[in-house]
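Residues per chain are reported as follows:
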Amino acid sequence: MWIAKRLLSSIFLKGHYSLFGRPPSSLPQYELRFLHCTCCRSSKIMISGLDILNASVSSELSQENDKSLDSCYTTEQRAVILQCLNTATESDLEQVKLLRGRKAVNIVKYRTAHGPFNSLESVMNVPLLKHKSAVIVFDSILKPTDKKERKKGKVHLAKFIRPEVDRALLEDASSIVSIVCGTNKIAWTHMDRARTVLDWQQAECKSFMKGMYMASDYLEDISTVISSFPPADFFLVEKPSISPQNTSLYPVLAHLRTVEAMLFALLTPAREPGSPPKVLNMMRTAVGRHFNLIVGDCRTSGAETVRKMMTESVMKQNPRVIFPHDLVLKHRNSFKMSSRNRGEELCDALLQAVVFFELLQE
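Computed from a prediction, not measured in an experiment: that's the story for all the values here.

1. Describing the overall build of the chain
Piece 1. Per the secondary structure count, the chain includes 15 helices and 10 strands.
Piece 2. Looking at the 362 residues of the chain, the share that counts as buried comes to 39%.
Piece 3. Working note: accessible area of the chain is about 21,600 Å², and carbon and sulfur atoms make up 55% of it.

Okay, here's the thing in structure tokens:
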């Protein structure tokens, strides 16, 4: 034991080139302190005061965080950042990194209440924005091309359509029926290649998620709904995004998978081996990413996006989606935020059809 202690003492104290014995020019002299030996608690070994070194490193980091945000950017860069923060709408701000959700809302509320931002440092007064996150936001505003390049190839039609179908067959489709199942209803949208809504409705299914999930009751409800479907080149069924590991939602997952399987069975005609399928799955997450509806691991409501499309169909000459006048009148009050049932299935069926045709054009 005494040999080990003598050896450690010589390492720490002996010579200019021992472990903690540095030349005077490289580091300042630290005071010697005691290190307790784990083998013998009563023994003490001298060691340099490393807490002084840690304190100096911490002070440098705090000085970096305390550095004024305005001093980190040039005059031109500050002007670009402030122009964006003072004039961008809430939806535009959500395209900036870290500003999706409450942060974008807080920025709009703050500048409405206190006027435009006069300096980058004043942005720190916005709730949920701190020094580190503010720097990331500012850099994202100055370099928006990086985000656009990443988003460009984010959603590929072939990756989110199952089973795989030759793209040429999909491009030749004149119309599709987009189908979305909920916990008590099925909604569908019939849309043609010009993104004109030919039919858009939903039907309640009284047997869904009732009792023992009787297959005969499910079959009767689903068959009744399918009898109302118009003919189309493809039927596009939404693929649920609920994970099987989420045991609390397992009853919902079992219900959705049951309806999905029955839709595939009832809509698939007898076909020869090797012929292309007529019923396809589209991943729910693909639609959410296309319309920027994904927040974290969850997909938010597309009601606002659908309302905007309906408004553009009436007001613009070349709208994104063409709605017949009777459908606009029928569904104009179906997606109000105050409504108990905001028609989420109707929204999702429409958005899924739009994504299908828009991805084919890319």
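Now, onward.
2. Section: the nonpolar core
Piece 1. Judged by nonpolar contacts, the single largest core of 38 residues is most densely connected at Trp200, Phe323, Leu350 and Phe356.
Piece 2. Listing elements by their share of this core, those giving two or more residues are strand E4 (175–181), strand E5 (185–192), strand E6 (197–204), strand E7 (234–239), strand E8 (279–283), helix H13 (303–315), helix H14 (325–331) and helix H15 (344–361).
Piece 3. Per-element tally for this core: the top contributor is H15, with 12 residues.
Piece 4. Once residues within four sequence positions are removed from consideration, tryptophan 200 is found in contact with Trp188, Thr189, Val306, Met310, Phe323, Leu327, Lys330, His331, Phe335, Leu346 and Leu350.
Piece 5. Formed by 23 residues, the second largest nonpolar core is a distinct cluster that contains Ile186, Leu253, Leu263 and Val279.

3. Focus: H15
Piece 1. The end-to-end C-alpha separation of H15 is 26 Å, in line with the 26 Å expected for 18 residues at 1.5 Å each.
Piece 2. For H15, the buried fraction is high: 16 of the 18 residues fall into the buried class.

4. A few points about H13
Piece 1. The terminal C-alpha atoms of H13 lie 18 Å apart, and with 13 residues this matches the ideal 18 Å at 1.5 Å per residue to within 8%.
Piece 2. The complete set of buried residues in H13 reads Ala303, Thr305, Val306, Met309, Met310, Glu312 and Ser313.
Piece 3. Among the structural elements, E6, H14 and H15 are those in contact with the buried residues of H13.

5. Focus on the side chain of arginine 299
Piece 1. On the secondary structure map, arginine 299 appears in strand E10 (residues 298–299).
Piece 2. Look at arginine 299 and you get buried, because its relative accessible area is 16%.
Piece 3. Among the polar contacts made by the side chain of arginine 299, one reaches the main-chain carbonyl oxygen of arginine 284 at a distance of 3.1 Å.
Piece 4. Polar contacts involving the side chain of arginine 299 include one to the side chain of aspartate 348, which spans 2.8 Å.
Piece 5. Not counting residues within four places of it along the chain, the set of residues in contact with arginine 299 comprises Glu238, Arg284, Val287, Gly288, Leu293, Ile294, Asp348 and Leu351.

6. Thoughts on the pattern of salt bridges
Piece 1. Following the criterion strictly, the structure yields 10 salt bridges and no others.
Piece 2. Here glutamate 312 ties to lysine 316 by a salt bridge, and the two come within 3.6 Å at their closest N and O atoms.
Piece 3. For lysine 316, a relative accessible area of 47% puts it in the partly exposed group.
Piece 4. Residue arginine 320 is joined to glutamate 358 by a salt bridge in which the shortest nitrogen-to-oxygen separation is 2.7 Å. Of this pair, arginine 320 sits in the loop between H13 and H14 while glutamate 358 sits in helix H15, and the two are 38 residues apart along the sequence.
Piece 5. By relative accessible area, which is 12% here, glutamate 358 ends up buried.

7. Structural notes on the pairing of E6
Piece 1. Bridge analysis of E5 against E6 gives 7 bridges, and the strand direction is antiparallel. In the sheet register, histidine 190 faces E6, and the bridge partner there is aspartate 199.
Piece 2. In this antiparallel pair of consecutive strands, E5 and E6, the connection spans 4 residues, and arginine 195 shows a positive phi of 60 degrees.

8. Let's talk about the packing of helix H10 (residues 215–226) against helix H11 (residues 250–267)
Piece 1. Viewed as axis vectors pointing N to C, H10 and H11 meet at an angle of 55 degrees, and their least axial separation amounts to 10 Å. Relative to H11, H10 is oriented oblique. H11 is crossed by H10, and the crossing has right-handed handedness. Between H10, through Ala215, Tyr218, Leu219, Ile222, Ser223 and Ile226, and H11, the contact on the second element is made entirely by His255, Thr258, Val259, Met262, Leu263, Leu266 and Leu267.

9. Section: the packing of aromatic side chains
The geometry of two aromatic rings is summed up by the distance between their centres and the angle between their planes.
Piece 1. Summed over the entire model, instances satisfying the criterion amount to 8 aromatic pairs.
Piece 2. When the centroid spacing of 5.6 Å and the interplanar angle of 50 degrees are considered together, the rings of tryptophan 200 and phenylalanine 323 count as tilted. Of this pair, tryptophan 200 sits in strand E6 while phenylalanine 323 sits in the loop between H13 and H14, and the two are 123 residues apart along the sequence.
Piece 3. Since its relative accessible area comes to 0%, tryptophan 200 is described here as buried.
Piece 4. Grouped by ring-pair contacts, the aromatic residues Trp188, Phe229 and Phe235 constitute a single cluster.

10. Some details on the side chain of serine 122
Piece 1. With respect to the helices and strands, the residue serine 122 is situated in the loop between helix H5 (102–114) and helix H6 (131–142).
Piece 2. Looking at serine 122, the relative accessible area reads 17%, which means it is buried.
Piece 3. Look past the residues within four positions of serine 122 in its chain and what remains in contact with it is Tyr110 and Phe117.

11. Thoughts on the confidence of the model for the chain
Piece 1. Averaged over every residue, the pLDDT of the chain is 79; the share at 70 or more is 76%.
Piece 2. Note that pLDDT drops below 50 for residues 41–62; the model gives that stretch 38 contacts with residues more than four away or on any other chain.

12. Topic: unusual backbone geometry
Piece 1. The amide bond that connects arginine 162 to the next residue, proline 163, takes the cis arrangement and shows omega of -10 degrees.
Piece 2. Tracing the chain through its elements places proline 163 in the loop between strand E3 (161–162) and helix H9 (167–171).
Piece 3. Phi angles above zero are rare outside glycine, and leucine 128 is one such case at about 75 degrees.
Piece 4. Take leucine 128: it is sitting in the loop between H5 and H6.
Piece 5. Unusually for a residue other than glycine, asparagine 292 sits at a positive phi of about 55 degrees.

Analysis parameters
- Residues numbered from 1 in each chain as written.
- Predicted model: local features only at pLDDT ≥ 70, side-chain atom pairs only at ≥ 80, totals over all residues.
- Heavy atoms only, no water.
- Helix = DSSP H or I, 4+ residues; strand = E, 2+ residues; numbered from the N terminus.
- Buried < 20%, exposed > 50% of the residue type's maximum accessible area, 1.4 Å probe, protein only.
- Areas by Shrake-Rupley, 256 points an atom, 1.4 Å probe, with all protein chains shown as cover.
- Core = buried A, V, L, I, M, F, W, Y, C linked by side-chain atoms within 4.5 Å.
- Contact = heavy atoms within 4.5 Å.
- Expected span 1.5 Å × (residues − 1).
- Polar contact = N/O pair within 3.5 Å; in protein donor to acceptor, adjacent residues only side chain to side chain.
- Salt bridge = Lys/Arg side-chain N within 4 Å of Asp/Glu carboxyl O.
- Pairing = 2+ DSSP bridges.
- Axes fitted to C-alpha atoms, helices over the stretch in contact; angles between N-to-C directions.
- Parallel < 35°, antiparallel > 145°, perpendicular 65-115°, else oblique.
- Left-handed = near helix turned anticlockwise from the far one by under 90°.
- Phe/Tyr/Trp six-rings, centres within 6.5 Å; stacked < 30°, edge-to-face > 60°.
- pLDDT = per-residue confidence, 0-100.

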